[in-house]
Amino acid sequence: MTLNQSISAFLLLFVGFSSCDREEEKIPSYLYIDQFSFSVRPGEGSANQRLSDAWLYVSNTYYGAYELPAWIPVLEEGLSDILILPGYRQNGAITNAFKYSLLNPYTTKINLEPKKTDTIRPTTSYQDGLKFSTLEDFNGNHLLSKDRDGDQETQVLLSTTQEAFEGSNSGLIELTSAHPAISAEYVIDTKIPQSGDPIILEFNYKSDIPFSIGFIAYKDAQGSQSLLNAGVLPNKDWTKLYFDFREILNNANSDFYHLAIAANFRSDTAKSVQRILIDNIKVIHR
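Residues numbered from 1 in each chain as written. Predicted model: local features only at pLDDT ≥ 70, side-chain atom pairs only at ≥ 80, totals over all residues. Heavy atoms only, no water.

Draft legend 1. Looking closely at the pairing of strand β14 (residues 171-175). The element β14 is extensively covered by neighbouring structure, given that 4 of its 5 residues are classed as buried. As judged from the 5 bridges shared by β14 and strand β21 (residues 274-285), these two strands associate in the antiparallel manner. Residue pairing in the sheet places Ile 173 in a bridge with Ile 276 of β21. (Buried < 20%, exposed > 50% of the residue type's maximum accessible area, 1.4 Å probe, protein only. Helix = DSSP H or I, 4+ residues; strand = E, 2+ residues; numbered from the N terminus. Pairing = 2+ DSSP bridges.)

Draft legend 2. Up close: the packing of aromatic side chains. The full count for this structure, using the stated rule, is 16 aromatic pairs. With 5.1 Å between their ring centres and 65° between their planes, Tyr 88 and Tyr 100 make a pair best called edge-to-face. Of the two residues, Tyr 88 is situated in strand β6 (residues 78-89) and Tyr 100 in the loop between β7 (97-99) and β8 (106-112); the sequence distance between them amounts to 12 residues. A single burial state applies to Tyr 88 and to Tyr 100, both of which are buried. With a centroid separation of 5.0 Å and an interplanar angle of 80°, the aromatic rings of Tyr 126 and Phe 132 are classed as edge-to-face. Accessibility assignment for this pair places Tyr 126 and Phe 132 in one class, buried. Ring-pair connections join several aromatic residues into one group, and the members of that group are Tyr 88, Phe 98, Tyr 100 and Tyr 242. (Phe/Tyr/Trp six-rings, centres within 6.5 Å; stacked < 30°, edge-to-face > 60°.)

Draft legend 3. How the structure looks around the nonpolar core. Ranked by internal contacts, the top residues of the largest apolar core, which has 34 residues, are Leu 201, Phe 203, Phe 211, Ile 213, Phe 215, Leu 259 and Ile 278. Apart from the residues within four sequence positions on either side, Leu 259 is in contact with Thr 134, Leu 144, Ala 184, Glu 185, Tyr 186, Leu 201, Ile 213, Gly 214, Phe 215, Ile 281 and Val 283. With 29 residues, the next largest nonpolar core counts Ile 33, Phe 36, Tyr 106 and Ile 120 among its residues. (Core = buried A, V, L, I, M, F, W, Y, C linked by side-chain atoms within 4.5 Å. Contact = heavy atoms within 4.5 Å.)

Draft legend 4. Summary view of the sheet that holds strand β1 (residues 29-33). The sheet built from 3 strands is open, its strands ordered β5-β1-β9 with mixed pairing. Lying at the two open borders of the sheet, with one neighbouring strand each, are β5 (70-74) and β9 (117-120). Put simply, the sheet's adjacent strands are angled 25° from each other on average, direction ignored. (Axes fitted to C-alpha atoms, helices over the stretch in contact; angles between N-to-C directions.)

Draft legend 5. How the structure looks around the sheet that holds strand β12 (residues 146-147). Ordered in space as β12-β15-β20-β17-β18, the 5 strands form an open sheet in which the pairing is antiparallel. The open sheet has two free edges, formed respectively by β12 and β18 (223-232), since each of these has just one partner strand. Pairing of strand β17 (residues 211-219) with β18 involves 8 bridges; the strand directions are antiparallel. Each residue of the ladder has a partner; that of Tyr 218, found in β18, is Ser 224.

Shown next as structure tokens:
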């Protein structure tokens, strides 16, 4: 066989293999996943959520985590099981995505076809058997009323209906240079057992200034301990935050807890009255 014949044979073989690869290459189907819708039952508070992320499984194959809405190519075809897990951004961080494992996964079946896009509008809700040990919507009287700072002029008040996030009122804090600090505490003893599952604090807020939120832990032999470990940054628009207190409360292992909030007037800003609005506070655990 001459050199030219050898080269020609190699090229034919290469073209043959390349053709086989192209023939075997799968054409993807596509899923467009819209934002989650959320429903609640009586005793579960507001239906407002900020479920920004989804973890996708198709026929038991993991396809990754995506910020919603998302358009995702998948290599399955035919009737396929779809599993979508809802997620949130923890501690208000834009990169801190976590599965919200106290919510129900979304499941469906779709007949996937190559090149075709199927739209999914997932729904979810709280799982059965959860405890809502704190549930404060500020509609009327509220229980975030125990004063810790010694200044009766700084309290959690009720906003007007026009300022409320939803419902008739939201919680309102106003600080001035004459009354520069607030530390307020829930008045009901809340038992939260140690848990391997998340202990989630959810709430909506907008604020001129930073503030801290968390718990006061009570243990008979040791008195109280401040666990206001969640730092919240100012935001001029209403937003939803999630904090997981599992590790903090497991380490505290106290007899009971009170939700608490604290803030201080900032002299480095031009606002003479600095305001915090807060709503739909929930503490959720098993």
